[in-house]
Amino acid sequence: MHLARTTALTLAGLLTLVAPLPAAAAVPAAPRLPAPTGSRAVGVTSLHLKDASRSDPWVPAAKARELMVSLWYPAAGTRGRHQAPYVTPKESELLIKDAELPVAPDTLSKVRTNAFTDAVPAGRDRSLPLVVLSPGLGSPRSSLTSLAEDLASRGNVVVGIDHTYESVATAFPDGRVTTCVACENKDPDFGQQVVRSRAADVSFVLDQLTGAKPKWRGAALIDRSRIGMAGQSVGGASSIAAMVGDKRIRAGVNLDGTTFAPIPERGLARPFLFMGSPTMHGPGGKDGSWGRDWKQLTGWKRWLVVTGAEHASFTDVPLLAEQLGIDLGFALTGARSVEITRTYVAAFFTRHLTGKPQPLLDKPSAQYPEVRFAG
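The name recorded for the chain in an unreviewed UniProt entry is Alpha/beta hydrolase, from Nonomuraea composti.

Listed below in structure tokens is the structure:
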């Protein structure tokens, strides 16, 4: 089966695998994301970035690589600002069509978030770490919104990247909506192509945010010496590829992603966290790439396996599915999945981007008995 349907199922595509709950189940008019756990209000803005130095890897006729990114950040205030949409109505329509879901086409655009559009950024110059988020193949950057909002509420700038033509739907300011051309690619080395392309996307976005003429008005808040990256599925695999190619990224997280491009023989000495599902990424699981890579990680490292988790458990998918009356059959609830993902990813970046000790990462926790230390 194709990569897009095995290791990187789309936000909507995952929902095609299961049946809706009985009609008697209550389905809220507007699904909502859980409130962030940090003390800061959260703002969000979108940027359209264009890399004229390279053509698009999936549509060579496009002579520049164009990207849509979202920036979540601590906000000075939210008065007069509107809560940000989860996706645009057109993106929602395409995601729901892809999944053949029996819900209104604009359902995902009505998901209630916790960030406020274009709120004024807050903080001192060069005081905030920057965390890059990369979604799974076929999924939009919004699929990691719960994690992004939480990290921003804890005092980080977070940039989520829509890797163009690798998502079911990416809307641009001029009205164009691109689809997942890459999802139809059947090249045997496709996985390596994806992570190489994403690594280039990440380095370009970092240039645009931390260079001499940054594209975001709040860029002065970013501490360029404290940059991390996390991703789910192929986005997690891309964290390793991006770190190998860009020394600005100090710490990385792979959330249940097969690492198609091995770590070079010289190893990777910067901190790294594997966090995955038992079926795929428990020791002896279906994917052996983590066991191979574990030996090449020569710095601080952890390999965590979450009992009851599935591939999509590290995204917003289970949480939204439950609220839409769809039973994914996961042993771990959407709310618990979000809580565990937020808690451990935040602890990792707090430890390695701010230097604050995080005992949670040193041994199993009675509060989170689902999380097993492997490796």
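On we go.
Draft legend 1. View of the overall build of the chain. Counting its regular elements, the chain contains 9 helices and 14 strands. In terms of overall dimensions, the chain is globule-like: its C-alpha atoms have a radius of gyration of 19 Å, near the 21 Å expected for 375 residues. Considered along the principal axes of its C-alpha atoms, the chain spans approximately 55 × 45 × 45 Å. Buried residues in the chain amount to 61% of all 375 residues. Of the contacts formed within the chain by residues at least 6 apart in sequence, a portion of 73% connects residues at least 24 apart. Taking the 42 positively charged and 33 negatively charged side chains of the chain as two groups, their mean positions are separated by 7 Å.

Draft legend 2. Seen up close, the layout of surface pockets. In this structure, the largest pocket occupies an estimated 370 Å³ of space. If you go around the largest pocket, you meet 23 residues; those closest to its centre are Ser46, Ser70, Pro85, Tyr86 and Arg141. Of all the elements in the fold, those that place two or more residues in the lining of the largest pocket are strand S1 (41-51), strand S2 (65-77), strand S3 (83-85), strand S4 (112-117) and helix H3 (145-153). Of the residues that constitute the lining of the largest pocket, the class distribution is 10 nonpolar, 8 polar and 5 charged. If you add up the space inside the second largest pocket, you get close to 300 Å³. Sorting the residues of the lining of the second largest pocket by element identifies strand S6 (128-134) and helix H9 (334-354) as the ones contributing at least two each. No other element matches the 4 residues that H9 contributes to the lining of the second largest pocket.

Draft legend 3. Structural view of the packing of H3 against H9. Where H3 contacts H9, the two axes come as close as 10 Å, and the packing angle between them is 45°. The angle between H3 and H9 falls in the class oblique. In this structure, H3 crosses over H9, and the sense of that crossing is right-handed. Judged by residue contacts, Ser146, Leu147, Asp150 and Leu151 of H3 engage Val338, Thr341, Arg342, Val345, Ala346 and Phe349 from H9.

Draft legend 4. The arrangement of the pattern of salt bridges in detail. In this structure the tally under the stated criterion is 21 salt bridges. Here Arg65 and Asp56 are joined by a salt bridge, their closest N and O atoms 2.7 Å apart. Note on accessibility: Arg65 and Asp56 belong to one class, buried. The shortest N-O distance in the salt bridge between Arg302 and Asp362 comes to 3.4 Å. Of this pair, Arg302 sits in strand S13 (residues 301-306) while Asp362 sits in the loop between H9 and strand S14 (371-374); the two residues are 60 residues apart in sequence, bridging distant segments of the chain. Judged by its relative accessible area of 43%, Asp362 falls in the partly exposed class. Look at the salt bridges and you will find they share partners, linking Asp51, Arg54, Asp56, Arg65, Glu166, Arg198 and Asp201 into a network.

Draft legend 5. Spatial organisation of empty space enclosed by the protein. Within this structure, the stated rule accounts for 3 cavities of 30 Å³ or more. Lining the largest cavity we find Ser143, Leu144, Ser146, Leu147, Phe314, Thr315, Asp316, Val338, Thr341 and Arg342. Every element with two or more residues in the lining of the largest cavity is listed here: H3 and H9. Broken down by element, the residue count for the lining of the largest cavity peaks at 3 residues, all from H9.

Draft legend 6. Summary view of unusual backbone geometry. Unusually for a residue other than glycine, Asp118 sits at a positive phi of about 60°. Tracing the chain through its elements places Asp118 in the loop between S4 and strand S5 (120-121). Although it is not a glycine, Ser233 adopts a positive phi angle of roughly 60°.

Draft legend 7. Quick look at the packing of helix H4 (residues 190-210) against helix H5 (residues 234-245). Where H4 contacts H5, the axes come no closer than 8 Å and their chain directions differ by 65°. As far as their axial angle goes, H5 and H4 are roughly perpendicular. Of the two possible hands of crossing, H4 and H5 adopt the one that is right-handed. Every residue of H5 that contacts H4 at Val194, Val195, Arg198, Ala199 and Val202 is listed here: Val234, Gly235, Ala237, Ser238, Ala241 and Ala242.

Draft legend 8. Region of the structure containing the pairing of S13. With 5 of 6 residues buried, S13 is to be regarded as a mostly interior element. As paired elements, S13 and S14 share 4 bridges and run antiparallel to each other. Residue pairing in the sheet places Val306 in a bridge with Val371 of S14.

Here is what the cut-offs are and how they apply
- Residues numbered from 1 in each chain as written.
- Predicted model: local features only at pLDDT ≥ 70, side-chain atom pairs only at ≥ 80, totals over all residues.
- Heavy atoms only, no water.
- Helix = DSSP H or I, 4+ residues; strand = E, 2+ residues; numbered from the N terminus.
- Rg over C-alpha atoms; globule rule 2.2 N^0.38 Å.
- Buried < 20%, exposed > 50% of the residue type's maximum accessible area, 1.4 Å probe, protein only.
- Contact = heavy atoms within 4.5 Å.
- Lys, Arg positive; Asp, Glu negative; His and termini not counted.
- Charge placed at Lys NZ, Arg CZ, Asp CG, Glu CD.
- 1 Å grid on protein atoms, 1.4 Å probe; cavity = no way out; pocket = protein on both sides within 12 Å on 5 of 7 lines; lining within 4 Å.
- Points joined across faces, edges and corners; volume = space filled by probe spheres on them.
- Nonpolar A, V, L, I, M, F, W, Y, C, P; charged D, E, K, R; others polar.
- Axes fitted to C-alpha atoms, helices over the stretch in contact; angles between N-to-C directions.
- Parallel < 35°, antiparallel > 145°, perpendicular 65-115°, else oblique.
- Left-handed = near helix turned anticlockwise from the far one by under 90°.
- Salt bridge = Lys/Arg side-chain N within 4 Å of Asp/Glu carboxyl O.
- Pairing = 2+ DSSP bridges.

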